Amino acid sequence: MFILPALLSQGLLKTREVYQFPSNHYYALESIVLTIAFMALARIKNPEQLKQCKPGELGRILGLDRVPEVRCLREKIKLLTQQQQAVNLNNLLIQDWYSSDRESDADFLYIDGHVRIYYGTKANLPAKFISRQKLCLSATTEYWVNDAQGMPVMMIIGELTEKLQTAIEESIIPQLAESGLITLEITEATKVQCTFIFDREAYEPAFFMRLWNLYKIAIITYRKNVKDIWQEHSFKSSTVTVSSQSINMDLCEGKICLGGYFFREIRRLSESGHQTAIVTTHPTLETDKIAGRMFARWAQENFFRYLIYDYDFDKMISFGVEPIDTDKKIVNPEYRKVNHQLKKLREKIRRVEAKFYPIVEQTLNAVIDEIPILTVKQEAYLSTLDSYYEQEKVILLKRAELSPRISLAQMPEQARYNKLKTESKLLMNVIKMICYRAESAVASWISPFIGKPDDEKRMIVKQIIGANADIIPDYKNCTLTIVLHSLSANRYNVAVNELSKLLNETETVFPGTNLKLIFKSSAFSDCER
């Protein structure tokens, strides 16, 4: 209940503008959306975990006698997902989040992919490399966009093995245009619309210039294949702001030609002497700000980690699969398999050659008594090499008969790729975006009243969410008083008391009623119960 004003300010009830709900249902749209949001905040990670909760107590925070049971909630979620409005809801929220001022956090957007492992058997998904497990497993990729403060903006789900470049050009940019953050109609006078910040996964100089020329979108990323070393005396000490922290860095800027295009290159010299190279197409951004934005990219990695452990956002919402357009091109699985065989065989050839050629040189300089022994080894290695060369020819001929890329229609039907149901995952992720933003907003509100805000603000918010409270409705005066019970330390109660004053100033009305919310802390309240 203490997070409810922030939930509403982040647009939770925008769902009423895109979703339709039968009026004769006992649970209205607001009740279902609030249930899902409260479940996310309370770390109830799927509808089945509602069985372990007291339905009456959860129902009271909805203003009802009980929370929906599992089967009922799943039916309501299915009713919402059938309307296919999650993307429209996300676009509506983006317009609300970034409409107030143009100098917004959306001027810098962090883009990265998150691989979601699939453990089921119904779907036939492409294999992806899972860096956190060092394995190739069946998985889907979600491409997330976060703003300059690390807050989530939007998310798309990849269907097959799309690269980050493809996801940006074919999905992310069109949706940003739909939401109004950028425009696709640019002129010579158009200034920088926004700046994309990503890692080396999307590294390609031609791609960088394409974004600039077509959309006036600048990029900041790490440079690949850095071989030259800049003179250390050219670096100057600068104070760089990285995620609200000031750090001293030795920086230097120069021009670089990559793939026939010129870019700005910024390097940071570390204490060990290593030079980290950054390239950008932004024409005017200061050197220290470029470095600060690039090194703040870890805010998005921290966001992923937080949602995995606290919101369990890799959890499947609905079971089942959907077909993919059979005209889509993919890497031929057979071609990839044969290519892998060729790669492994050539590794064996190189290992044998590394032993064979030194023996040949050794034979030329050896004494007569050692030559027979070396000759026997040489013949053995040569025989092995001849066998490997024959195998290589067979594999090359086999690969030549295969097409590197094929359409899904050309795959055998039993092995053809499909995809997991995406709409329910999109809807739940949009609601979790709202919850994360609301939780972050409350954490920022409470931070001035605690001694160690960076270490404790989110911990206190979690403690508030998990604490007991008294809910006191007053229908005569149209108020709904929330009295939070004492937290684990007095300094936290002091912070909650100050937070209550801020929340009361919002004059939030509980959804679906005319009751104004009033927040108090029992440690500073003598209200009657």
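Just so we're clear, the structure is a prediction, and the values are computed from it rather than from any experiment. (Residues numbered from 1 in each chain as written. Predicted model: local features only at pLDDT ≥ 70, side-chain atom pairs only at ≥ 80, totals over all residues. Heavy atoms only, no water.)

**Student:** Help me understand the overall build of the chain, please; the structure alone is not making it clear to me.
**Tutor:** Within the chain one finds 15 helices and 17 strands. Counting all 529 residues of the chain, 47% fall into the buried class. Put simply, of all contacts in the chain between residues at least 6 apart along the chain, 67% involve residues at least 24 apart. In the form shown here, the chain has an accessible surface area of approximately 27,700 Å², with 50% of it arising from carbon and sulfur atoms. Separation between the mean location of the 68 positive side-chain charges and that of the 64 negative ones in the chain comes to 3 Å. (Helix = DSSP H or I, 4+ residues; strand = E, 2+ residues; numbered from the N terminus. Buried < 20%, exposed > 50% of the residue type's maximum accessible area, 1.4 Å probe, protein only. Contact = heavy atoms within 4.5 Å. Areas by Shrake-Rupley, 256 points an atom, 1.4 Å probe, with all protein chains shown as cover. Lys, Arg positive; Asp, Glu negative; His and termini not counted. Charge placed at Lys NZ, Arg CZ, Asp CG, Glu CD.)

**Student:** Honestly, the side chain of N493 in this entry has me stumped. Any pointers?
**Tutor:** With respect to the helices, strands and loops of the structure, N493 is situated in helix α15 (residues 490–505). Under the relative-accessibility criterion, N493 is labelled buried at 4%. Within polar-contact distance, the side chain of N493 engages the side chain of S486 at 2.9 Å. Residues contacting N493, with those up to four places away along its chain left out, are S486, L487, S521, A523 and F524. (Polar contact = N/O pair within 3.5 Å; in protein donor to acceptor, adjacent residues only side chain to side chain.)

**Student:** Sorry if this is basic, but what is going on with the packing of aromatic side chains here?
**Tutor:** The relation between two aromatic rings is expressed through the spacing of the ring centres and the mutual angle of the planes. Applying the stated criterion to the full structure yields 15 aromatic pairs. Centroid distance F2 to F519: 4.9 Å. Interplanar angle 65 degrees. Geometry classified as edge-to-face. Of this pair, F2 sits in the segment before α1 (4–9) while F519 sits in strand β17 (residues 516–521), placing them 517 residues apart in sequence. Consider the rings of W144 and F313, whose centres lie 5.6 Å apart with planes at 55 degrees: the pair is tilted. Here W144 is found in strand β3 (residues 135–146), whereas its partner F313 is found in the loop between α10 (298–311) and β11 (321–322), with 169 residues between them in sequence. By relative accessible area, W144 is classed as buried at 1%. Accessibility expressed as a relative area gives 0% for F313, which makes it buried. Stacked on the ring of F295, the Lys or Arg R268 has its end atom at 5.3 Å from the ring centre. Lying across the ring of Y306, R458 places its NZ or CZ 5.1 Å from the centre. (Phe/Tyr/Trp six-rings, centres within 6.5 Å; stacked < 30°, edge-to-face > 60°. Lys NZ or Arg CZ within 6 Å of the ring centre and 35° of its normal.)

**Student:** What exactly am I supposed to notice about the nonpolar core here?
**Tutor:** Among soluble globular proteins, nonpolar side chains are generally buried collectively. Ranked by size, the top nonpolar core spans 114 residues in total, and within it L7, I168 and F196 carry the most contacts. When residues in this core are grouped by element, the largest group, 14 residues, is from helix α13 (residues 423–446). With residues up to four places along the chain from it excluded, the contact list for I168 reads I111, I173, P174, F196, F198, F207 and L211. The next biggest cluster of nonpolar side chains, apart from the first, holds 18 residues, and it includes I220, I266, I278 and I290. (Core = buried A, V, L, I, M, F, W, Y, C linked by side-chain atoms within 4.5 Å.)

**Student:** Even after reading the chapter, I still don't get the sheet that holds strand β15 (residues 469–474), so can you show me in this structure?
**Tutor:** Hydrogen bonding along the main chain pairs the strands of a sheet, whether they run parallel or antiparallel. Pairing within the open sheet is mixed, and its 3 strands lie in the order β15-β16-β17. One side of each edge strand has no neighbouring strand; the edge strands of this open sheet are β15 and β17. Ignoring strand direction, the axes of neighbouring strands in this sheet form an average angle of 20 degrees. As defined by bridge partners, strand β16 (residues 479–484) adjoins β17 across 6 bridges and the pair is classed as parallel. Across the sheet, the residue bridging to I482 is F519, located in β17. Each of β16 and β17 is contacted by α15, which is oriented at about 165 degrees to β17, the strand it contacts most. (Pairing = 2+ DSSP bridges. Axes fitted to C-alpha atoms, helices over the stretch in contact; angles between N-to-C directions.)

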